[in-house]
Amino acid sequence: MLQAREAQLIRSAIDDLKAFYLEARLAEDECGFEDASVVNDWLWLTTRMGSLLIAARDRLIEVTDRKEDPNWILARGIVPRGYGTSGYTMTHVVAQEKRR
């Protein structure tokens, strides 16, 4: 089980990675800021980092005891709802994954 300080360090590193990817994507867009759902779908559905974080989050949720381990909340916060197989889905994400 991770201690609170270690968990926060991991969460901060993940947040920095997400910010780096999103800023790079937005810098490439000629028109400026895109629709947030388009940018989120790009990050979570098309990048390897997104796939890795979804897999890590889903595995952490699968193996973490909700009653015993406070890191379960950390695991759920890694990826927004709707991405991955941890029980949360959004219609447009499910439809896009079925097309793959």
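Bear in mind the structure is a predicted one, so any value in this text is a computation, not a measurement.

*Asks:* I'm lost on the overall build of the protein in this one. Help?
*Replies:* Within the protein one finds 5 helices and 0 strands. Counting from the amino terminus, the protein carries its helices and strands in the arrangement α-α-α-α-α. Looking at the 100 residues of the protein, the share that counts as buried comes to 31%. Taking the intrachain contacts of the protein between residues at least 6 apart in sequence as the baseline, contacts between residues at least 24 apart amount to 54%. Accessible surface, the protein: about 7100 Å² in total, of which carbon and sulfur atoms supply 56%.

*Asks:* I'm lost on the environment of Met49 in this one. Help?
*Replies:* Its location among the elements puts Met49 in helix H3 (residues 48–63). Judged by its relative accessible area of 8%, Met49 falls in the buried class. In this structure Met49 touches Leu17, Lys18, Tyr21 and Leu43, once residues within four positions along its chain are discounted.

Rules behind the numbers
- Residues numbered from 1 in each chain as written.
- Predicted model: local features only at pLDDT ≥ 70, side-chain atom pairs only at ≥ 80, totals over all residues.
- Heavy atoms only, no water.
- Helix = DSSP H or I, 4+ residues; strand = E, 2+ residues; numbered from the N terminus.
- Buried < 20%, exposed > 50% of the residue type's maximum accessible area, 1.4 Å probe, protein only.
- Contact = heavy atoms within 4.5 Å.
- Areas by Shrake-Rupley, 256 points an atom, 1.4 Å probe, with all protein chains shown as cover.

Any functional reading would require information that these geometric values do not contain.
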